[in-house]
Amino acid sequence: MPRKASATKKAVPSASARSGAASVAGGSAKAAPSKAAVPEPAATEPAARRTAAAKPAARKTAAAKTAAPGTAVSKTAASSSKAASPKKAAAKTATPKPATAKPPRNESHTALVRRARRIDRELAEIYPYAHPELDFENSFQLLVATVLSAQTTDLRVNQTTPALFAKYPTPEDLAAANPEEVEEILRPTGFFRAKTRSVIGLSKALSEQFGGEVPGRLEDLVKLPGVGRKTAFVVLGNAFGRPGITVDTHFQRLVRRWQWTAETDPDKIEAAIGALFPKSDWTMLSHHVIFHGRRICHARKPACGACPIAPLCPAYGEGETDPEKARKLLKYEKGGFPGQRLSPPQAYLDAGGIPAPPLGAG
């Protein structure tokens, strides 16, 4: 018997073997246990428990690997349930804002120069008749008209200056004028009292300091009452043929939309844009940009869908993009309407431009 028990012990290490041994002994559960029914060595039980405990841990590890990096499984489930909220889902799917505030991606300075000059070339083809939109016959008239154009339209100035220059054709005449009479003429332009002081003051300065002639130097012009850099460059570029950049409201708006510069100070804008173009291009560049700002790229409702330079514009989409609706926003000759000059250049008329009506007409 000891030998048999020993053999049984070696041959039957499992629970199923133990049940078989019990059947051989008589099939009774009450039979006295033999050495064959002795449980497996205790050392095997902890190993089994470790194996069983390792399975849930493995499942947790696998779940953690499938979750987003650095995110617990429970947090992922919670975020999934939150995403099901209709309000939050709607917020996530809302239409994003136009990417107009982003600069052209990775645009180097060289690329900026090329893009800026290409836009100017395109504008030169669109507006081959671009010109100063103030009526004038000499440098004195252009100087006075430019001073009067502050805070009003060129059209209003052009409708006002014929009466002014008919009565005061020279700086000496305007310097000796009665301020009240000048104010009455300039009333339609707005801020007429301040403008009267400016035009009479600059006329006196021209008479006393420059022999009644408009100086052709920037440093002299900006010393005259009411004359800043913008006014001086208009006169220098269009009356003397000396290059200058005219930074008016249209110019400021467009160069920022095109992301040529982020500056807001007119003097800094002038310097930044001047660095992108040859000096010989400055005067006509100003006309091209201002023409485009008045006709297509408006302040409130730019006609993006009718803009020929849309592919080059990082601000495309700020305005109306539907072509039919955009065409209705076009102004002056582009929209089939009168321009701002009563006596425009012939090239403008040949291009389909319509002269503006005189003051009080229609």
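A quick note: this is a predicted structure, and the numbers were derived from the prediction, not measured. Each chain carries its own residue numbering, running from 1 in the written order of its sequence. Two thresholds apply to this predicted model, a pLDDT of at least 70 for residue-level local features and 80 or more for giving and counting side-chain atom pairs, whereas whole-chain, interface and lining totals are computed over all residues. Think of the side-chain values as coming from all heavy atoms in the structure, minus any hydrogens and water.

Some words on the overall build of the protein chain
No. 1: A run of H or I in DSSP counts as a helix once it spans at least four residues, and a run of E counts as a strand once it spans at least two, with each numbered from the N terminus. If you tally the helices and strands in the protein chain, you get 18 helices and zero strands.
No. 2: Here the protein chain holds 362 residues, and 38% of them are scored as buried.
No. 3: What makes two residues a contact is simply this: any of their non-hydrogen atoms within 4.5 Å. Contacts in the protein chain between residues far apart in sequence, at least 24 positions, make up 58% of those at least 6 positions apart.
No. 4: A total of about 20900 Å² of accessible surface is found on the protein chain, and carbon and sulfur atoms cover 56% of it. Type-normalised accessible area, obtained with a 1.4 Å probe on protein chains alone, sets the label of each residue: buried when under 20%, exposed when over 50%, and partly exposed for intermediate values. Per-residue and other accessible areas were derived by the Shrake-Rupley procedure at a 1.4 Å probe size, with only the shown protein chains allowed to occlude residues.

Let's talk about helix α13 (residues 229–239)
Because an α-helix completes one turn every 3.6 residues, residues spaced three or four positions apart along the sequence face the same direction.
No. 1: Looking only at α13, the buried set comprises T231, A232, F233, V234, V235, L236 and G237.
No. 2: Looking at the packing, one finds that the buried side of α13 touches α7 (139–148), α12 (218–221), α15 (266–274) and α16 (282–295).
No. 3: Looking one or two residues beyond α13, the residue adopting positive phi is G241, at roughly 70°.

Brief notes about the packing of helix α8 (residues 154–167) against helix α10 (residues 179–186)
No. 1: Structural elements are reduced to axes, namely lines fitted to C-alpha atoms, with helices fitted over the stretch in contact, and the angle between N-to-C directions of any two is expressed from 0 to 180 degrees. Put simply, α8 and α10 touch, their axes get as near as 9 Å, and they point 155° apart. In terms of orientation, α8 and α10 fall into the roughly antiparallel class. Together, T160, A163, L164 and K167 of α8 and E181, V182, I185 and L186 of α10 make up the contact between the two elements. Any angle between 65 and 115 degrees counts as roughly perpendicular, while under 35 counts as roughly parallel, over 145 as roughly antiparallel, and the rest as oblique.

Examining the confidence of the model for the protein chain
No. 1: For the protein chain, mean pLDDT is 81; residues scoring 70 or higher make up 71% of the total.
No. 2: A score between 0 and 100, pLDDT records how confident the predictor is in each residue. Considering only residues more than four positions removed or in separate chains, one finds that residues 1–102, a stretch of pLDDT under 50, has 31 contacts.

Section: the packing of aromatic side chains
No. 1: In this scheme Phe, Tyr and Trp rings, the latter by its six-membered ring, pair at centre separations within 6.5 Å, and the angle between planes marks the pair as stacked below 30 degrees, edge-to-face above 60, and tilted otherwise. Here the structure, examined in full by the defined rule, presents seven aromatic pairs.
No. 2: Ring geometry for Y127 against Y129: centres 6.4 Å apart, planes inclined by 85°, an arrangement best described as edge-to-face.
No. 3: Of the residues examined, Y129 reaches a relative accessible area of 8% and is grouped as buried.
No. 4: Ring geometry for Y127 and F291: centres 5.9 Å apart, planes at 65°, overall edge-to-face. You can see Y127 sitting in the loop between α6 (109–126) and α7 and its partner F291 sitting in helix α16, a full 164 residues away along the chain.
No. 5: We classify Y127 as buried; its relative accessible area is 0%.
No. 6: By way of ring pairs, the aromatic residues Y127, Y129, F291 and Y348 are connected into one cluster.
No. 7: Put simply, a charge is over a ring when the Lys NZ or the Arg CZ is close to the ring centre, within 6 Å, and near the line of the ring normal, within 35 degrees. Against the face of F291 rests R295, its NZ or CZ located 3.8 Å from the ring centre.

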